[in-house]
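One letter stands for each residue in the lines below.
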Amino acid sequence: MGCGMGKSELQLKKCDRGAPFIKMIRNALFLYYNTLTSVSFMSFSGSISAPGNFNLFYHIFLLKLELQSECENTLNRCLFTFAISTKMSSTLFTSSAIRAALLIQRWYRQYVARLEMRRRCTWNIFQSIEYAGEQDQIKLYNFFGFLMDHFTPASSERNLISHIFRENEICRDIEWERYFCYKSIEVPESYTGPHLTFPMTFCGVSKLVEAFKHKQQLHARYVLQILGETWRLLRILPNINYVSVCHNQEITICGDLHGHLEDLLLIFYKNGLPSSEKPYVFNGDFVDRGKNSLEILLILFGFLLVYPNDVHLNRGNHEDHIVNLRYGFTKEVLGKYRVHGKKILKLLQKIFSWLPLATVIDHKVLIVHGGISDMTDLNVIERVDRHRYVSALRPTKMSQQVVNGSKSQNSRNGEAGGPVEGRRRVYSLTHHSPASAQRHNPPRRSLHNLPISNQLSWSLEDELKRRRRLAGFDQSYGEMNKSESDSDSEPAGTETDEQEWKQIVDLLWSDPMPQNGCIPNEVRGGGCYWGPDITEEVLERHNLQLLIRSHECKQDGYEFCHNRRVLTIFSASNYYEVGSNRGAYIRMGPDLVPHFIQYQASRTSRELTLTQSVGWTERSALRALREQLFVHKSDLISAFQEFDPNNTGMISLRHWASATETVLNLGLPWRVLRPQLVNSTKYGMVDYQQWIRELSITEPKLEISDTSILETMYKNHSNLETIFRIIDTDHSGSISFEEFRQTWKLLSSHLKTEISDEAIADLAQSIDFNKDGSIDINEFMEAFRLVDLSAHT
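Residues numbered from 1 in each chain as written. Predicted model: local features only at pLDDT ≥ 70, side-chain atom pairs only at ≥ 80, totals over all residues. Heavy atoms only, no water.

Some thoughts on the overall build of the chain
Link 1 in the chain: A count of helical and extended segments in the chain gives 31 helices and 20 strands.
Link 2 in the chain: Residue pairs at least 24 apart in sequence account for 75% of intrachain contacts in the chain once pairs closer than 6 positions are excluded.
Link 3 in the chain: When the accessible surface of the chain is totalled, it reaches about 34,400 Å², and 51% of it is carbon and sulfur. (Helix = DSSP H or I, 4+ residues; strand = E, 2+ residues; numbered from the N terminus. Contact = heavy atoms within 4.5 Å. Areas by Shrake-Rupley, 256 points an atom, 1.4 Å probe, with all protein chains shown as cover.)

Structure representation (structure tokens):
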């Protein structure tokens, strides 16, 4: 083996102090090697009879470093060998040899620490972008709720979105039985997928698992049969499942799966299929983001039908048809079942509303998807009519308190001592921020920042007029109170209904925080942050000893907090990117002590070294971050120019970091990320115009006169797709030019921006490639997908 510089040595040179440091490490290794071989010769009867090939030894060391094969343990064993040998022959060793070994050990620890810092920065990027998307989803839905509550039934914009709120109407069971009917659907002889018989059996579900493992698709008739049987079963289940663990039995608890079928199959492979001897709890968020959400649901529903006393499903915040519009499940179902997809989605909306909210093991361990709050009361949750909340984002009828913020804050806003440090905050779905928090963290534009009569000079009527003018609608707007003849109206929600709804939102959306107190979860936009004192109080009140929840991706698949009384479990490995995180599940026996099993479902991720894994996910996170920077380039340039009054085109790194955070509001350590985002600086200054040009993002080549509409499109890509899919009531995948115009008008009203009819028409014409007067939603969204050129170089 030659003595040239290998891959690992190049990495040392890049991440440490250059060639002099490499030379120092090499010299230290040489000292260590010579001393070790001498000791071996003297003390161990000639086990090494000559100095040997140092180059071979050196490259073996680098290979060990590259493979991360217990380098630190190897170094510790070397030091132990030194210690033993010095007792035998102290004259053989010098202090320089010991210092050499310590130097190698110290360097390796610094190397691992730097990797961990990079991994945490990467994690913060992914999580901040994810939570920003959840905020935008909730703000958009609240805007739709605003239109529903304040505009007349005849107004055109209200008609566009009213159908998504009709899902909360309670139909008679006989109507749903008719809707579930599958008998008219024939299974053709050409069908090669699994054939199911009902009632479901273990053999039938096992065939289903095997079929999905081999990427077969279940026929729509069988899908509807499984959904119908599941709906009938769920209706008789309580809000909280009470489970008992037998003396010779363990229960398995799984967290978020998010459409990652390979994770579920790996869990079954390692742990066994659900049965009466092997009970399971699946803690929500089965769908969205991944590509096989429907397959996961059908497998879980199948096992639930076979073992209703041993398989327990909790509802997650993604078991919600409004959230599904944005995060992929709606698109997945319609793509796989073009004929019967609409009916399948309708039934799933109903099934989601009937999923239980919690599971309790042996009256000691509470399992919920999100968490708790200072208001959580299991006695209240047991009595809630959970099926009324088809979407947990909105109560059966939004009270005026939530719409206009007229009621005073409750205890959770003032007692926690301020926001969680370093988190991105805007507003919460159920509660407003304290005024102090709003002063120090200027909120982004949101529904909850609407002008209200006791704060500004104009009235709600004026605000409605202004919104209608921005949206370009010309129908009359109505009074605050809708008439009883409104076909979409529902009984006014009582204060009790409001409190029940908030408890459900807290169960599905909340996250723990290290500080005491309970404050609005303004990072996600729904639920709350609760502290160790709230955990202690709620668990003590209900005589519980442990809370298990999911809802947050963890790098190791699980994490304890609150004095080990709260445990987060997350079962979707490679959630953000290949190698980004492990998945995990819990085994719990009669002693109620959790035991964790971790895994990586992707073979690629299992083959990556730690260094490669961190590098892979870091590049992916930086690509996503560069896209965010690119779509806000106009706002960024404006923010940079505020720090550049003389128009030099240069600003300091401190001002660059400050302006970037002000615009993106992601709560990221921008100065730490600067070396990955800014290629070059001069005397600590950034050429921000050149930096924008170097983001390496390419746009579609369309001839559009008003380029500002493109930037609006990029910024609100997901919101626009959500509105498209809401307006596409027949789920055909295409919308007319007029629906396209109404979509943009709704978006402009939501954003409080002006978008002219001419600009919208110009955009529509430029993407109507086949000139048939309609726009394919998927083609439109793909046409405006940004491409990071740096990923292809």
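Focus on the packing of helix α11 (residues 293–306) against helix α14 (residues 341–354)
Each pair of packed helices can be described by the angle between their axes along with the distance between the axes.
Link 1 in the chain: One can describe the packing of α11 onto α14 by two numbers: an axis separation of 14 Å at closest approach and a directional angle of 55 degrees. When the interaxial angle is binned, α11 and α14 end up oblique. The interaxial crossing formed by α11 with α14 has left-handed handedness. In this structure, α11 contributes Leu294, Leu297 and Phe301 to the contact, and α14 contributes Leu348, Ile351 and Phe352. (Axes fitted to C-alpha atoms, helices over the stretch in contact; angles between N-to-C directions. Parallel < 35°, antiparallel > 145°, perpendicular 65-115°, else oblique. Left-handed = near helix turned anticlockwise from the far one by under 90°.)

Comments concerning the pairing of strand β11 (residues 558–561)
Link 1 in the chain: Note that β11 and strand β12 (residues 566–569) share 4 bridges and pair antiparallel. Note on β12: the bridge partner recorded for tyrosine 558 is isoleucine 569.
Link 2 in the chain: Linking β11 back to β12 in an antiparallel pair, the connection comprises 4 residues, with histidine 562 at a positive phi of about 55 degrees. (Pairing = 2+ DSSP bridges.)

A few points about the packing of aromatic side chains
Link 1 in the chain: What the rule picks out here adds up to 18 aromatic pairs.
Link 2 in the chain: Centre to centre, the rings of phenylalanine 202 and phenylalanine 303 are 6.4 Å apart; their planes meet at 55 degrees, and the pair counts as tilted. With phenylalanine 202 in helix α8 (residues 202–213) and phenylalanine 303 in helix α11, this pair connects stretches of sequence that are 101 residues apart.
Link 3 in the chain: Under the relative-accessibility criterion, phenylalanine 202 is labelled partly exposed at 34%.
Link 4 in the chain: Here a set of aromatic residues connected by ring pairs shows up, and it is made of Phe202, Phe268, Tyr280, Phe282, Phe303 and Tyr307. (Phe/Tyr/Trp six-rings, centres within 6.5 Å; stacked < 30°, edge-to-face > 60°. Buried < 20%, exposed > 50% of the residue type's maximum accessible area, 1.4 Å probe, protein only.)

Side note on the sheet that holds strand β3 (residues 280–282)
Hydrogen bonds between backbone atoms are what pair the strands of a sheet, whose relative direction is either parallel or antiparallel.
Link 1 in the chain: One open sheet holds the 5 strands; their spatial order is β4-β3-β2-β13-β14, and the pairing between them is mixed. Where the open sheet ends on each side, the last strands, each with one partner, are β4 (311–313) and β14 (594–599). Averaged over neighbouring strand pairs, the angle between their axes works out to 20 degrees when direction is ignored.
Link 2 in the chain: Judged from the 6 bridges that link them, strand β13 (residues 583–588) and β14 form a sheet pairing that is antiparallel. Residue alanine 584 lies in a different strand from β14, and its bridge partner there is glutamine 598.
Link 3 in the chain: Running at roughly 125 degrees to β14, helix α10 (residues 261–271) makes contact with β2 (251–254), β3, β13 and β14 of the sheet.
Link 4 in the chain: Contacting β3 and β4, α11 runs over the sheet at an angle of about 130 degrees to β4.

Thoughts on α8
Link 1 in the chain: In this model α8 runs 16 Å from its N-terminal to its C-terminal C-alpha over 12 residues, within 8% of the 16 Å that 1.5 Å per residue would give.
Link 2 in the chain: Along α8, the residues classified as buried are Gly204, Val205, Ser206, Leu208, Val209, Ala211 and Phe212.
Link 3 in the chain: On its buried side, α8 packs onto α9 (220–234), α10 and α11.
Link 4 in the chain: With its phi angle positive at about 65 degrees, lysine 215 sits one or two positions after the end of α8. (Expected span 1.5 Å × (residues − 1).)

Considerations on the pattern of salt bridges
Link 1 in the chain: All told, the structure shown has 17 salt bridges when counted by the stated rule.
Link 2 in the chain: For arginine 524, the salt bridge identified is with aspartate 511, shortest N-O distance 2.6 Å. On the criterion of sequence distance, the pair formed by arginine 524 in the loop between β8 (518–520) and β9 (528–530) and aspartate 511 in strand β7 (residues 511–512) is long-range, its members being 13 residues apart. Aspartate 511 matches arginine 524 in its accessibility class, with the two residues each being buried. (Salt bridge = Lys/Arg side-chain N within 4 Å of Asp/Glu carboxyl O.)

Here we look at the packing of α10 against α11
Link 1 in the chain: One way to put it is that α10 packs onto α11 with a least axis distance of 9 Å and a crossing angle of 35 degrees. Of the two possible hands of crossing, α10 and α11 adopt the one that is left-handed. Along the contact surface, α10 presents Leu261, Leu264 and Phe268, while α11 presents Glu295, Ile296, Ile299, Leu300 and Phe303.
Link 2 in the chain: Split into classes, the residues belonging to the contact of α10 with α11 amount to 7 nonpolar, no polar and 1 charged. (Nonpolar A, V, L, I, M, F, W, Y, C, P; charged D, E, K, R; others polar.)

Quick look at the pairing of strand β5 (residues 358–361)
Link 1 in the chain: The alternating pattern of β5 places Ala358 and Val360 and Thr359 and Ile361 on opposite faces, both of which are buried.
Link 2 in the chain: For strand β1 (residues 240–243) and β5, the ladder comprises 4 bridges, and the chain directions are parallel. Paired with valine 243 across the two strands is isoleucine 361, which belongs to β5.
Link 3 in the chain: Where β5 lies against strand β6 (residues 365–367), 3 bridges are found, and the strand directions are antiparallel. Along β6, the bridge assignment pairs threonine 359 with isoleucine 367.
Link 4 in the chain: Between the antiparallel neighbours β5 and β6 lie 3 residues, among them aspartate 362 with a positive phi of about 50 degrees.

Notes on helix α23 (residues 633–642)
Link 1 in the chain: Every buried residue belonging to α23 is among Leu636, Ile637, Ala639 and Phe640, and all of these are buried. All buried residues of α23 lie within an arc of 165 degrees about the axis, which places them on one face of the element.
Link 2 in the chain: Against the buried residues of α23 lie α22 (610–631), β15 (650–652), α24 (653–664) and α26 (688–693). (Arc of directions from axis to C-beta.)

A closer look at the sheet that holds β9
Link 1 in the chain: Taking strand neighbours across the sheet as the criterion, the 3 strands line up as β7-β9-β8 in an open arrangement whose pairing is mixed. Each edge of the open sheet carries a strand with a single partner, namely β7 and β8.
Link 2 in the chain: Summarising the sheet, β8 and β9 pair through 3 bridges and their orientation is antiparallel. Bridge assignment links proline 520 to a residue of β9, and that residue is cysteine 528.

Structural notes on the side chain of asparagine 581
Link 1 in the chain: Positionally, asparagine 581 belongs in the loop between β12 and β13.
Link 2 in the chain: On the basis of relative accessibility, which here comes to 1%, the residue asparagine 581 falls in the buried class.

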